[in-house]
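Listed here are the chains, written in short residue letters.
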Amino acid sequence: MKKIFSLMLVIILAAALFGCSKKAESVVPETTTVPTTTEKAWPTYNPLTGEDNFSKKAVGRRPVAIVVENLSPARPQWSIGTSDIIVEGEVEGGISRMLWLYADYTKVPEKVGPIRSARPSYVKFSEYFDSIYIHWGGSHNNTNYKGGYTVIKEDKVNDFDGMKGGILFGRDNTRRVSSEHRGILHGDKIPQAVKDKGYRTNIKRNRFSELLFNDEIKDAGEGEAKNVNCTFSSRTDTRKFTYSEKDKQYHTNDWKTDVKFQNVIILMDETKYITVPYKGSSTTYLNYQYKGGKGYYISNGKQTEITWKIKKNRLFLKDKTDSKRIKINKGKSYIGLASSNNGGSVTFG
């Protein structure tokens, strides 16, 4: 009887344990892994201007950065003033060049240009906004100079090069100037070209310089800035802006047509000249070092000194004390690159 009783007790205990395990099993979640947090959604406004009239299809999409010539025969440049941001600085021999940034590459005009060649400093700046880079040609390595083509290759930059032909590029023969001043970009064909290349279209947040914007138009600071003159270096010309009380914008006619901006941002940066042999003579390139430092933010007739830096390949605009990021006004911006050690300057009037 004792054996029978012991056997029954074992069976009862086993049944109880089995029942408990089934009950416990019913409340165990299907996975024990901690769910990952959802990545922060991209704002629905234009990330380069802060403006709300932005296509839903363009939200989170990479911008394009287009190299545009700035010599006198190229002016007025085709479609100048249509980009969200214009970046301008020196390239070589006292020549300045521009980089036009469009947040929505489906909105680039049908004819843009003249398109010109890649330089290291401009390739680098385009990377701060995770841009697809568009150019026509580029500089090559020469003695102690690293060319634009090498930077594109080393940094694995997605680009379109007019030297390779394709649907994006052509010539406009309506102007009686030499061929290098007539190279144009067919902006309306960019979406198809991007698709054909299979380039990544979504912005990577850790590669994009997110700008901060004011909810309403505010003075940049307390300093007067009705007139702004930016000289890129002792070798270059000066870009001149005049503030209009009527539309609260900064206007320039330096490109042989009226172009206006809500914001003017000047970044003072250390530069390096590199002289190399070129076609039986020599040429002197200028490279921006992007070390950061002092700058100026100008808007609504006022200006203030700021600091700026490149950190983890992104641009940060901060206040004079380098303690917090600044907000800029919504609208188009001009960014001038002025040499802090080779005669660059900014004056206000």
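1. Observations regarding the overall build of the protein chain
At step 1: If you tally the helices and strands in the protein chain, you get 4 helices and 20 strands.
At step 2: Put simply, 68% of the contacts in the protein chain that link residues at least 6 apart link residues at least 24 apart.
At step 3: Taken as a whole, the protein chain presents about 17900 Å² of accessible surface, with 52% of it coming from carbon and sulfur.

2. Here's the deal with the pairing of strand β16 (residues 293-299)
Regular strands show a simple pattern: their side chains alternate between the two faces of the sheet.
At step 1: Burial of β16 is extensive: 5 of the 7 residues sit out of reach of the surface.
At step 2: Bridging between strand β13 (residues 263-269) and β16 involves 5 bridges; their strand directions are antiparallel. Following the sheet pairing, Leu-267 is matched in β16 by Gly-295.
At step 3: Between β16 and strand β17 (residues 302-311), which pair antiparallel one after the other, the connecting turn spans 2 residues, and Asn-300 there sits at a positive phi close to 60°.

3. Considering the pattern of salt bridges
At step 1: Considering all chains together, one arrives at 20 salt bridges under this definition.
At step 2: Asp-322 is the partner of Lys-309 in a salt bridge, and the nearest nitrogen-oxygen pair spans 3.5 Å. Separated by 13 residues along the polypeptide, Lys-309 in strand β17 and Asp-322 in the loop between β18 (314-319) and β19 (333-339) bring together distant segments of the chain.
At step 3: By relative accessible area, which is 29% here, Lys-309 ends up partly exposed.
At step 4: Given a relative accessible area of 33%, Asp-322 falls into the partly exposed group.
At step 5: Across the pair Asp-322 and Lys-318 runs a salt bridge, and its minimum N-O distance is 3.5 Å.

4. Thoughts on helix α4 (residues 190-197)
At step 1: Considered for burial, the residues of α4 that qualify are Ile-190, Ala-193 and Val-194. For α4, the arc enclosing every buried residue in end-on projection is 100°, short of the 170-degree limit, so these residues lie on one face. Turned more than 90 degrees from where α4 packs its buried face, Lys-195 and Asp-196 sit exposed.
At step 2: Check the buried side of α4 and you find it contacts β1 (64-68), β4 (132-135), β5 (159-161) and β7 (183-185).
At step 3: Just downstream of α4 lies Gly-198, where phi reads positive at about 75°.

5. Remarks on the sheet that holds strand β11 (residues 249-252)
At step 1: Judged by pairing direction, the sheet is antiparallel, and its 5 strands sit side by side in the order β12-β11-β10-β9-β20 without closing on themselves. Lying at the two open borders of the sheet, with one neighbouring strand each, are β12 (259-261) and β20 (345-348). The mean angle between the axes of side-by-side strands here comes to 25°, regardless of whether they run parallel or antiparallel.
At step 2: Alignment of strand β9 (residues 227-231) against β20, held across 4 bridges, turns out to be antiparallel. Its bridge partner being in β20, Thr-231 is matched across the sheet by Ser-345.

6. Examining empty space enclosed by the protein
At step 1: A full pass over the atoms with the stated rule returns 2 cavities of 30 Å³ or more.
At step 2: The volume enclosed by the largest cavity comes to roughly 60 Å³.
At step 3: Surrounding the largest cavity, Glu-210, Leu-211, Leu-212, Leu-315, Phe-316, Leu-317, Arg-325, Ile-326 and Ile-328 form its lining.
At step 4: Grouping the constituent residues of the lining of the largest cavity by class yields 7 nonpolar, no polar and 2 charged.
At step 5: Of the voids in this model, the second largest cavity is the one considered here, and its volume is about 40 Å³.
At step 6: What lines the second largest cavity is Trp-42, Pro-43, Tyr-45, Pro-47, Phe-54, Ala-58, Val-59, Gly-60, Arg-61 and Ile-203.
At step 7: Grouping the constituent residues of the lining of the second largest cavity by class yields 8 nonpolar, 1 polar and 1 charged.

7. A closer look at the environment of His-140
At step 1: Relative to the helices and strands, His-140 resides in the loop between β4 and α3 (148-154).
At step 2: For the pair His-140 and Thr-150, spaced 10 residues apart in the sequence, the C-alpha separation amounts to 7.1 Å.
At step 3: Contact partners of His-140, with chain neighbours within four places excluded, come to Tyr-145, Gly-147 and Tyr-149.

8. Here's the deal with the side chain of Gln-249
At step 1: For Gln-249, the position within the fold is in strand β11.
At step 2: Each residue touching Gln-249, except ones within four places of it in the same chain, is listed here: Thr-242, Tyr-243, Ser-244, Lys-260, Phe-261 and Gln-262.

9. A short note on helix α2 (residues 120-127)
At step 1: Among the 8 residues in α2, 7 count as buried, and that is most of the element.
At step 2: By the burial criterion, the buried members of α2 are Pro-120, Ser-121, Tyr-122, Val-123, Phe-125, Ser-126 and Glu-127.

10. Points about the packing of aromatic side chains
At step 1: Tallied over the full model, the rule gives 17 aromatic pairs.
At step 2: An aromatic cluster of three or more residues is present, and its members are Trp-42, Phe-125, Tyr-128, Phe-129, Phe-208, Tyr-288 and Tyr-290.
At step 3: Over the aromatic face of Tyr-105 sits the side chain of Arg-61, whose NZ or CZ is 5.0 Å from the ring centroid.
At step 4: A cation over a ring is seen here: Arg-235 above Tyr-273, with NZ or CZ 4.3 Å from the ring centre.

11. Considering the confidence of the model for the protein chain
Detailed reading of the predicted coordinates is not advisable wherever pLDDT is low.
At step 1: Confidence in the prediction of the protein chain, expressed as mean pLDDT, is 91, and 89% of residues score 70 or more.
At step 2: Across residues 1-37, confidence stays below pLDDT 50; counting only partners more than four residues off in sequence or on other chains, it has 0 contacts.

Analysis parameters
Residues numbered from 1 in each chain as written. Predicted model: local features only at pLDDT ≥ 70, side-chain atom pairs only at ≥ 80, totals over all residues. Heavy atoms only, no water. Helix = DSSP H or I, 4+ residues; strand = E, 2+ residues; numbered from the N terminus. Contact = heavy atoms within 4.5 Å. Areas by Shrake-Rupley, 256 points an atom, 1.4 Å probe, with all protein chains shown as cover. Buried < 20%, exposed > 50% of the residue type's maximum accessible area, 1.4 Å probe, protein only. Pairing = 2+ DSSP bridges. Salt bridge = Lys/Arg side-chain N within 4 Å of Asp/Glu carboxyl O. Arc of directions from axis to C-beta. Axes fitted to C-alpha atoms, helices over the stretch in contact; angles between N-to-C directions. 1 Å grid on protein atoms, 1.4 Å probe; cavity = no way out; pocket = protein on both sides within 12 Å on 5 of 7 lines; lining within 4 Å. Points joined across faces, edges and corners; volume = space filled by probe spheres on them. Nonpolar A, V, L, I, M, F, W, Y, C, P; charged D, E, K, R; others polar. Phe/Tyr/Trp six-rings, centres within 6.5 Å; stacked < 30°, edge-to-face > 60°. Lys NZ or Arg CZ within 6 Å of the ring centre and 35° of its normal. pLDDT = per-residue confidence, 0-100.

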